[in-house]
Amino acid sequence: MLGSPLLKRPDVVAGERTTLAYLAGLLHAMPAESDGLRLLARLFDAIPADDPVELDVFFGQLTRAIAQVAEARRVAFLIRDDDRAWLKWQPMAYGFPDDFVSRARIPCSPTGTALLDQVVFKDFILAGPIAEEPAFAPYRDVLQPLDAAIAIAVPWRAGDDRLGALVAFDPRPPQALLERHTWVLRVAAGLAAIVWQRGRAERMVTERDEQEARRLRAYAGRLASLEKAKSDFLSLASHELRSPLSVLGGYLSLLADGSLGDLPPQLGQAVPVMLAKVNQMNVLLTRMLETARLEDSRLQLRLERLDVVDVVRQAVAAVEPMALPGQRIVLDVPARPLYGLVDRLRAETIVQNLLDNALKYSPGGTDVRCTVSRQKGFARVCVRDQGIGIAAADVPRLFTRFGRIARDEHRHIAGTGLGLYLARELARMHGGDITVVSAGGQGSEFTLTLPLVTKPKR
Ligand code: ADP
């Protein structure tokens with residue numbers, strides 16, 4: 001087949017350079033009479049300005065423009081089917097009978113020797129009469145409805161990617177076929193390759209975006225189910241632990257106050273320790289229960305008009321026993337009460353948590369300062385310590401559920417990572433907030449704000 005008079009191996013071949021360089025080379029090599037610039041201008045007019053390019057619209061307009069410029073009755077792009085050894089017709093072909101492009105398929109394989117195999121896989125250009133040439137025999141049946149006397153086919157390549165071929169058919173006599181017609185098709189195939197490449201790049205970006213979105217959705221789904229598992233566990237564990245713990249606490253209290261008779265001396269010393277541990281577990285359990293309620297939207301505040309200073313005093317009194325020997329909570333409060341609408345127990349819990357942390361995370365036993373003041377309609381409760389501090393990178397995790405900061409040097413300090421989460425949620429439910437200023441190794445300052453009621457109720 002290589003010796004066929006229909007086939008010509010061109011000087012400028014796509015794939016040996018970038019598609020743009022190929023196109024430029026093609027235009028340079030065009031014979032003067034082909035009037036390359038005008039031709040190119042007419043073909044360019046056919047490219048839709050849309051961004052991203054709608055490939056079907058583009059092929060529709062380009063095949064029509066080629067037909068006009070090359071004076072061919074029918075023009076089509078044949079697309080290689082990667083999986084099967086054939087060429088399909090691009091649906092927006094110009095000038096073909098109804099149904100032809102959707103049905104007709106042309107065998108084509110890299111190892112084949114038929115005319116189109118040489119065009120698609122070996123870069124040959126085909127131009128000539130259909131009727132007389134025996135080399136056209138394999139295509140005669142397919143091409144029969146086209147009523148064509150001459151055919152031109154040029155390779156359609158984008159770099160190394162052999163996309164297929166651009167073909168034109170016309171009923172004119174073979175002698176009317178000019179070299180110019182082949183050039184038109186070659187330039188048009190180069191243009192189409194550029195647009196195709198761009199379209200493919202856009203498709204790849206979209207596919208990547210979609211893949212990324214799918215990955216993120218799956219990840220979010222997994223996170224949501226993990227969160228749900230955590231919530232379910234909190235709810236279940238706190239409910240199941242509540243009654244045995246209260247029974248245990250009840251009996252220990254009876255033992256401690258002597259209601260169950262005198263205790264042997266060693267037990268007498270152990271009972272207060274056990275009671276303290278049960279109380280610690282109760283605090284933990286209350287936090288778990290409150291968190292479970294918060295997440296099920298069952299947490300309701302019991303608001304009453306109260307002096308915030310008084311609430312803070314109560315919290316200090318409750319937390320003071322946890323201080324290390326010599327460690328103090330220095331309280332600085334205004335002389336006048338600061339009234340707010342607060343849930344006493346919850347507000348105390350918030351302040352207790354801040355104070356408890358301040359003591360706990362000051363392993364050197366340094367003092368903790370608690371200052372209450374009024375600021376722009378809010379009570380400000382500032383808890384300042386000189387303890388281990390918090391690195392800036394860790395701050396975003398502080399108020400998250402189970403957000404403990406794992407550092408070797410204070411891994412031994414017990415905690416759940418629920419305290420600050422709950423404290424801030426409760427503060428926000430009151431219309432206030434908690435903020436923090438801290439730096440690693442330089443102590444921390446947590447500030448709780450709670451809205452004040454302006455006019456005392458009578
Ligand atoms: P925990 O029960 O672990 O103390 P919290 O929610 O109260 O839980 O606190 C979350 C984390 O914030 C703690 O594990 C700790 O790492 C850090 N943190 C809280 N308060 C302080 C503080 N005053 N100084 C240093 N780190 C703190």
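Here, the structure is the one placed above.
(A) Quick peek at the layout of surface pockets. Counted as a void, the largest pocket has a volume near 1200 Å³. Lining the largest pocket are 40 residues, with Val 283, Leu 284, Arg 287, Gln 352 and Asp 356 positioned closest to its centre. When residues of the lining of the largest pocket are traced back to their parent elements, those giving at least two are helix H8 (265-295), helix H9 (308-319), helix H10 (344-360) and helix H12 (419-429). Residue composition of the lining of the largest pocket, by class: 16 nonpolar, 12 polar and 12 charged. Space inside the second largest pocket adds up to approximately 490 Å³. Considering the residues around the second largest pocket, the lining is formed by 31 residues, among which Tyr 361, Ile 390, Leu 398, Ile 405 and His 410 are closest to the centre. Going through the elements one at a time, H10, H12 and strand E14 (444-451) are the ones with two or more residues in the lining of the second largest pocket.

(B) Fine view of the sheet that holds strand E4 (residues 106-107). Strands sit in the order E1-E5-E6-E7-E2-E3-E4 across an open sheet of seven strands; the sheet is antiparallel. Each end of this open sheet is capped by a strand with a single partner; those strands are strand E1 (7-8) and E4. Alignment of strand E3 (residues 86-89) against E4, held across two bridges, turns out to be antiparallel. Bridge assignment links Trp 86 to a residue of E4, and that residue is Pro 107. Most of the contacts of helix H5 (residues 115-122) go to strand E7 (residues 161-170), to which it runs at about 135°, and overall it touches E1, strand E2 (74-81), E3, E4, strand E5 (125-129), strand E6 (150-158) and E7.

(C) Structural context of the site of the ligand. Not every one of the 22 residues close to the ligand is listed here, only the nearest: Asn 357, Tyr 361, Arg 404, Thr 416 and Leu 420. Asn 357 places a polar side-chain atom, nitrogen or oxygen, 2.8 Å from an oxygen atom of the ligand. One of the side-chain nitrogen or oxygen atoms of Asp 385 is found 2.9 Å away from a nitrogen atom of the ligand. Burial of the ligand by the surrounding chains reaches 99%, relative to a free accessible area of 530 Å².

(D) Geometry of the packing of aromatic side chains. This model, assessed by the stated rule, comprises 13 aromatic pairs. Taken together, a centroid distance of 6.4 Å and an interplanar angle of 40° make the contact between Trp 89 and Phe 169 tilted. Highlighted residues: Trp 89 in strand E3 and Phe 169 in strand E7, separated in sequence by 80 residues. What links up through ring pairs into an aromatic cluster is the set Phe 58, Phe 59, Phe 77, Trp 156 and Trp 196.

(E) Looking closely at the side chain of Arg 186. Here Arg 186 is to be found in helix H7 (residues 179-256). Non-local contacts of Arg 186, meaning those with residues more than four positions away in its chain, are made with Pro 10, Val 12, Tyr 22, Leu 26, Ile 125 and Val 154.

(F) View of unusual backbone geometry. Phi angles above zero are rare outside glycine, and Asp 123 is one such case at about 70°. As for its placement among the helices and strands, Asp 123 is situated in the loop between H5 and E5. Notably, Asp 147 is not glycine yet its phi reads approximately 50°, a positive angle.

(G) Layout of H5. By the criterion of burial, H5 is predominantly enclosed, with seven of the eight residues buried. Among the residues of H5, Leu 115, Leu 116, Asp 117, Gln 118, Val 119, Val 120 and Phe 121 are the ones counted as buried. With its phi angle positive at about 70°, Asp 123 sits one or two positions after the end of H5.

Procedures and definitions
Residues numbered from 1 in each chain as written. Predicted model: local features only at pLDDT ≥ 70, side-chain atom pairs only at ≥ 80, totals over all residues. Heavy atoms only, no water. 1 Å grid on protein atoms, 1.4 Å probe; cavity = no way out; pocket = protein on both sides within 12 Å on 5 of 7 lines; lining within 4 Å. Points joined across faces, edges and corners; volume = space filled by probe spheres on them. Helix = DSSP H or I, 4+ residues; strand = E, 2+ residues; numbered from the N terminus. Nonpolar A, V, L, I, M, F, W, Y, C, P; charged D, E, K, R; others polar. Pairing = 2+ DSSP bridges. Contact = heavy atoms within 4.5 Å. Axes fitted to C-alpha atoms, helices over the stretch in contact; angles between N-to-C directions. Near = heavy atom within 4 Å. Polar contact = N/O pair within 3.5 Å; in protein donor to acceptor, adjacent residues only side chain to side chain. Areas by Shrake-Rupley, 256 points an atom, 1.4 Å probe, with all protein chains shown as cover. Phe/Tyr/Trp six-rings, centres within 6.5 Å; stacked < 30°, edge-to-face > 60°. Buried < 20%, exposed > 50% of the residue type's maximum accessible area, 1.4 Å probe, protein only.

So yeah, pure geometry; function would need other evidence.
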